[in-house]
Amino acid sequence: MSLFAEIAIPAAVDMLFTYSVPLDLQERIQCGQHVRISFGTRTMTGFVIRLSKTSPQKKLKPISTIIDEEPIFTTEMMNVLQWIADYYIAPLGEVMKSALPQGLTTKEPNIKTERGIVISYEKKREWEQWKNGFANIKLTAKQQQVFDVLLQSESGFISLDVLKTHAYVTDAVIKTLHGHGFLTISFREVIRAEQYPPSEHEKQILNITLNAHQQKAYDTIEKEIVENVFHPFLLFGITGSGKTQVYIEAIREVLRKGKTAIVLVPEISLTPQAVRRFQLCFGEMVTVIHSQMSQGERYDSWRLTKSGVYKIVVGPRSAIFAPLKNLGLIVVDEEQESSYKQYDMMPRYNARDVAIMRGKENNAVVILGSATPSVETYANAKSGKYSLLELPERADNAQLPKIFIVDMRLGKATDATIASQPEPPKKKKFSSLTPFLVEHIEERLKKKEGVILLQNRRGFSAFVECPSCGFVEMCSNCSLSLTYHKTKYLLRCHYCGFSKRLPLVCEKCGSPSSLYKGVGTQRVEEELQTLFPAAKTVRMDFDTTTKKGAHEKILSSFGNKEIDILLGTQMVAKGLDFPHVTLVGVINADLQMLLPDFRAAERTFQLLTQVAGRAGRSALAGEVVIQTYQPEHYCLNFVTQHDSVGFFNVELFHRKQLLYPPFSRIAVVEFKGHDENETLLTAQVFTRFLKHLNGTVSVLGPSPAAIEKIQNFFRFHILLKSDKEKDKSGNYLHTVLRNAIEEFKQTPYGKSKKVVMLIDIDPSGMM
Ligand code: ADP
Ligand code: ZN
Ligand code: ZN
């Protein structure tokens, strides 16, 4: 008998390859399996997509081996991945590759199991007592070193290698101690990230009973879980309403039914406390995927999820591909977050939308949770596509904070400081903190209450301008100004990472002074230190949190009130739950509001509402001070009134007029290349193939992207909009795009490798 297999290879090739299946593999081969094939002169791995008894082609190469007996993708996952490939117009092999932990597809899985020594918290306490009580027992110096290192370990867990290097001992010393029963060695396959013991506040959370609103939402969800049906919900709960607790109860129910759950969170660094709560509630059943994991840790997590050891996967967007069987629930927390959309590589999927598809395939419940839902999701809930559940009040009777808008123009401030180089400015004409905000901070410092300040721009100043000739230091690779980072006197590009020292004189006219324009976190930090020298201010942004665990450390000392003022970028805006915070200040609300993007108002509303939600989360009342140069902007009024629905209505009105989502589907086609003219010409050639349409899909461009050049690539954008009333499923948009791609690829421009074409369906940004 002859048997043929169509294979997808993990590369940017948009086709399947047919191989013959040798007799000895015919019994074992299955769809979804990982196999080895020879491809050209190379050996590669691929995935079995389809099997058939006939093939139009003759003389096919045989499949070499089957790598894993158990298919790497279940039928359910294959369907989801195929949907992604179709909807986002990406090669199936590439989609499959992105659904697996890195490294798995390129080489043989070759990951050592970690050997570790594990001590539980209880055990650690026992040890401390033991150490005190038996001080007279003579340990050798080496043994003492082992104990010292072990007792320092916060988590009570240490891997053997780390222990040996830190205690300067060999295996033999540890073996002896083990032989005497002084320590436990276990062969765990998981490496636990550094963990802090739960705070008092966190311990309380473990014994919460749902309030009436939570209970009502939970009951509705539970009914659907029990019935094993696909059902999407929008859990629209204001900040501090206790959404996390509803997720936790829903997960408990799913586990009782012998099923599993995925919890998507925007970025672990934005929601460390929620993630901790899942770990504290579900312990060993949870695996948390985060960006600081090594390749080995990721692979372990994936493998143990697949083999059924883990029942709950918590992680950012890629966690939507978790190989859980019997999936009963998918939670997408803060569903509006743009980090759910993969924008920098193929496939450009939105994990929230993939969650809906996976929910369908599994007859699972999907909960999209948010205090500030995206306009699209809100519209879906209004139309009945998703069921709306609301938590309109804060849990625990806390009140929403009072919000003040401060007009910065009235302070006659000019957003600039004159300084000679490279000395920092001495006399400040401008302060980024208005007297109103300063007074409010002072009050809090006196009362020992917590303050959170948001400035959504890192560095010291947004750009450096010459006061004599107006020259602005630009990145040599991007069409962007360089940001001044004062701590190291560096100018940095936040897009490509390029950096150089701040020049002593203007490069153009030789003038020795410069203007620092636009305020960054470092600058605010400096002002705070001058204004409140006795207060402890800590800056939390990308630059201060690169070290592993730095983030957690800052938050835990803020929780313990060792820090008075927590200043940061959007890292401080979301998800933080500190009952002692009673003041939130926004240094400049305009940073988001004025971006050239149709979602600018929506993102501003979300960010401000989120950060405002950090204040007043307990019996202590909270206040929020928002500084702006645009106090009349419509979104601010809705923020102060805590009126999301009012905001949605106005926003939907604007969107409808301009035919933006949710009233249309949009796609951006980007062309990028080193030669500006050639790139534009290629984009124009492509656009020609888009033109013959019958009015359903409109085409704008090509025009230079908002950021015209990034990393020496010139960028041109073509925007496609398809009216949803005429094109409900989006089929028309897809057909138009696919046809154009096909025709374009036949042209010399389409075949040229010099200009790259990128397709982004439902783009999260238009920059
Ligand atoms: P959200 O995720 O909706 O912003 P959280 O789940 O973080 O809200 O809950 C906000 C605070 O309210 C937390 O400190 C949590 O411990 C507390 N909380 C949640 N549910 C209850 C409840 N039923 N009773 C008392 N406190 C609660
Ligand atoms: Zn100059
Ligand atoms: Zn750059």
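Residues numbered from 1 in each chain as written. Chains lettered and ligands numbered in written order. Predicted model: local features only at pLDDT ≥ 70, side-chain atom pairs only at ≥ 80, totals over all residues. Heavy atoms only, no water.

For the structure on display, the rule yields 31 salt bridges. The partner of R50 in a salt bridge is E6, and the shortest N-O contact between them spans 3.3 Å. Here R50, found in strand β4 (residues 42-52), pairs with E6, found in strand β1 (residues 4-8); they are 44 residues apart in sequence, far enough to count as distant. Residue E6 is classed as partly exposed on the basis of its relative accessible area of 23%. (Salt bridge = Lys/Arg side-chain N within 4 Å of Asp/Glu carboxyl O. Helix = DSSP H or I, 4+ residues; strand = E, 2+ residues; numbered from the N terminus. Buried < 20%, exposed > 50% of the residue type's maximum accessible area, 1.4 Å probe, protein only.)

Right, let's get into the coordination of the zinc ion (ligand 2). For the zinc ion (ligand 2), every protein donor is listed as C466 (SG), C469 (SG), C506 (SG) and C509 (SG), and the spread of their distances is 2.3 to 2.4 Å. One way to put it: the four donor atoms around the zinc ion (ligand 2) meet at angles of 105 to 111°, and that makes the site tetrahedral. Of note, the zinc ion (ligand 2) draws all its donor residues from one chain, in the sequence arrangement C-x2-C-x36-C-x2-C. Of this pair, C466 sits in the loop between β19 (461-465) and β20 (483-485) while C509 is found in the loop between β22 (499-501) and β23 (513-519), placing the two residues 43 residues apart along the sequence. (Donors = N, O, S within 2.8 Å, 3.2 Å for Na, K, Ca; no water. Tetrahedral: all angles 85-135°; square planar, octahedral: opposite > 155°, others 65-115°.)

Now for the sheet that holds strand β29 (residues 697-710). Sheet architecture is open: four strands sit in the order β29-β30-β28-β31, paired in antiparallel fashion. Each having just a single partner strand, β29 and β31 (756-761) make up the two edges of the open sheet. Neighbour to neighbour, the strand axes of the sheet diverge by 20° on average, direction disregarded. The pairing of β29 with strand β30 (residues 713-723) spans eight bridges and is antiparallel. Bridged to S698 within β30 is K721. (Pairing = 2+ DSSP bridges. Axes fitted to C-alpha atoms, helices over the stretch in contact; angles between N-to-C directions.)

Quick look at the layout of surface pockets now. Left-over empty space is what a probe sized like a water molecule reveals as it rolls over the atoms. A volume near 1200 Å³ is recorded for the second largest pocket. In this structure, the second largest pocket is lined by 45 residues; those nearest its centre are E376, N380, K385, R665 and K724. Of all elements in the fold, only α2 (75-87), α13 (351-362), α14 (375-382), α19 (600-612), α21 (644-658) and β28 (664-673) reach the threshold of two or more residues within the lining of the second largest pocket. (1 Å grid on protein atoms, 1.4 Å probe; cavity = no way out; pocket = protein on both sides within 12 Å on 5 of 7 lines; lining within 4 Å. Points joined across faces, edges and corners; volume = space filled by probe spheres on them.)

Per the stated rule, a full pass over the model turns up 22 aromatic pairs. Considering the side-chain rings of F558 and F578, the 5.1 Å spacing of their centres and the 80° angle between planes classify their relative orientation as edge-to-face. One end of the pair, F558, is in helix α17 (residues 550-559); the other, F578, is in the loop between β25 (565-568) and β26 (581-586), with 20 residues separating them in the sequence. In this structure, F558 and F578 share a single accessibility class: buried. Between the aromatic rings of F671 and F744, the centroid separation amounts to 5.9 Å while the plane-to-plane angle is 80°, which identifies the pairing as edge-to-face. Placement of F671 in strand β28 and of F744 in helix α23 (residues 731-746) is noted, with a sequence separation of 73 residues between them. An identical accessibility class is assigned to F671 and F744; each is buried. Joined through ring pairs, the aromatic side chains of F236, Y378, F605, Y634, F638, F647 and F648 make up one cluster. Here K672 stacks its cationic end above the ring of F713, 4.7 Å away from the centre of that ring. Directly above the aromatic system of Y660 lies the positively charged group of K721, at a separation of 4.2 Å from the ring centroid. (Phe/Tyr/Trp six-rings, centres within 6.5 Å; stacked < 30°, edge-to-face > 60°. Lys NZ or Arg CZ within 6 Å of the ring centre and 35° of its normal.)

Attention shifts here to the packing of α14 against α21. Taken N-terminus to C-terminus, the directions of α14 and α21 make an angle of 100°; their axes are 11 Å apart at the nearest point. Relative to α21, the element α14 is oriented roughly perpendicular. Note on element contacts: α21 touches α14 through V645, F648, N649, E651, L652 and R655, opposite V375, E376, Y378 and K382. (Parallel < 35°, antiparallel > 145°, perpendicular 65-115°, else oblique. Contact = heavy atoms within 4.5 Å.)

On to the environment of H201, then. As for its position among the elements, H201 is in helix α8 (residues 200-205). The exposure class of H201 is partly exposed, given its relative accessible area of 27%. Note: C-alpha distance between H201 and D577 (376 residues apart in sequence) is 9.6 Å. Those residues in contact with H201, other than ones at most four positions away along the chain, are D577 and P579.

The omega angle of the peptide bond from M346 to P347 is -10°, so this bond is cis rather than trans. With respect to the helices, strands and loops of the structure, P347 is situated in the loop between β13 (327-333) and α13. Residues P661 and P662 are joined by a peptide bond in cis, for which omega reads 10°. Counting through the fold element by element, P662 comes out in the loop between α21 and β28. A positive phi angle is found at E334, which is not glycine, with a value near 55°. With respect to the helices and strands, E334 occurs in the loop between β13 and α13. Given a relative accessible area of 9%, E334 falls into the buried group.

Near ligand 1 lie 19 residues; those nearest to it are T209, Q214, G240, K243 and D577. Here N211 contributes a backbone N or O atom positioned 3.4 Å from a nitrogen atom of ligand 1. Between G242 and ligand 1, the recorded distance is 3.0 Å, taken from a backbone N or O atom to an oxygen atom. Residue assignment for the shell around ligand 1 shows that the elements contributing at least two residues are α8 and α10 (243-256). Tallied by class, the residues present in the shell around ligand 1 amount to five nonpolar, nine polar and five charged. (Near = heavy atom within 4 Å. Polar contact = N/O pair within 3.5 Å; in protein donor to acceptor, adjacent residues only side chain to side chain. Nonpolar A, V, L, I, M, F, W, Y, C, P; charged D, E, K, R; others polar.)

In this section: the coordination of the zinc ion (ligand 3). Looking at the metal site, the zinc ion (ligand 3) is ligated by C475 (SG), C478 (SG), C493 (SG) and C496 (SG), spaced 2.2 to 2.4 Å from it. Note that the zinc ion (ligand 3) binds four donor atoms; their angles at the metal cover 102 to 115°, and the shape is tetrahedral. Within one chain, the residues donating to the zinc ion (ligand 3) are spaced in sequence as C-x2-C-x14-C-x2-C. With a gap of 18 residues between them, C475 in the loop between β19 and β20 and C493 in the loop between β21 (490-492) and β22 connect regions that are remote in the sequence. Taking the relative accessible area as the measure of exposure, C475 reaches 5% and is therefore buried. For C493, a relative accessible area of 2% gives the class buried.

Okay, the nonpolar core next. Of all hydrophobic cores here, the largest spans 65 residues; its most connected members are F73, L81, F686 and L720. Among the elements that line this core, the one with the most residues is α2, at seven residues. Judged by nonpolar contacts, the second largest core, of 41 residues, contains A381, V538, L555 and L576. (Core = buried A, V, L, I, M, F, W, Y, C linked by side-chain atoms within 4.5 Å.)

Counting buried positions along α14 gives six out of eight residues, so the element sits mostly inside the fold. Within α14, the full set of buried residues consists of V375, E376, T377, Y378, N380 and A381. Residues of α14 that are buried sit in contact with β9 (231-237), α13, β14 (365-370), β15 (387-391), α19 and α21. The positive-phi residue at the C-terminal boundary of α14 is G384, with phi of around 90°.

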